Structure formats: structure tokens, C-alpha cells
Amino acid sequence: MILKNIKTLASKQAGTEIKDVVITIPGDWGLNARTAIVNAANIGGLSVLSILRSNTAAALNYAMTRNDV
């Protein structure tokens, strides 16, 4: 229900339907938790393109938004 609500809010903000997502998870989550989050996303009407650890997501965000170059 939470992911479905997030989908609705994000779609409203973007002005288009959100279908494909990349989800970040804590680094210590195992295979069962990853499978559960993918299943929850599918139930919420989302297609999971990838799952990233939160540290990797933070590093990507830093690399894409830094302005010191």
C-alpha cells in the first residue's frame, strides 16, 4: 500500500504515469528481503528495473550532482 501511494504521488508530481522504478535498500538486506520488496512493488503496480544498496545510490547521487568540476 505504501509503494502504491508513492506511485500515485510521484505520478501526480511528474505529470505522467510512473511504471518503472529503481529501488534503494539498506546494505544488510538479504535475498528474502530483496524478493519481498520486488514483490511488494509488483503488487503496487511498479516494475522494478534494479535494486541498489543505499551506499551505491548515495555515491551515484553525489557524482551526478557535484558542481566542483
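Above this note sits the structure.
Residues numbered from 1 in each chain as written. Predicted model: local features only at pLDDT ≥ 70, side-chain atom pairs only at ≥ 80, totals over all residues. Heavy atoms only, no water.

(A) The arrangement of the overall build of the chain in detail. For the chain, the count of helices and strands is three helices and two strands. The C-alpha radius of gyration computed for the chain amounts to 14 Å, which surpasses the reference 11 Å derived for 69 residues by more than 25%, pointing to a less compact arrangement than a globule. Reported as C-alpha extents along the three principal axes, the dimensions of the chain are approximately 40 × 35 × 15 Å. Buried residues in the chain amount to 16% of all 69 residues. (Helix = DSSP H or I, 4+ residues; strand = E, 2+ residues; numbered from the N terminus. Rg over C-alpha atoms; globule rule 2.2 N^0.38 Å. Buried < 20%, exposed > 50% of the residue type's maximum accessible area, 1.4 Å probe, protein only.)

(B) Quick peek at the pairing of strand β1 (residues 20–25). Going residue by residue along β1, you find V21, I23 and I25 tucked away on one face and D20, V22 and T24 left uncovered on the opposite face. Of the strand pairs in this sheet, β1 and strand β2 (residues 47–53) are connected by six bridges, and their pairing is parallel. Paired with I23 across the strands is I51, a residue of β2. (Pairing = 2+ DSSP bridges.)

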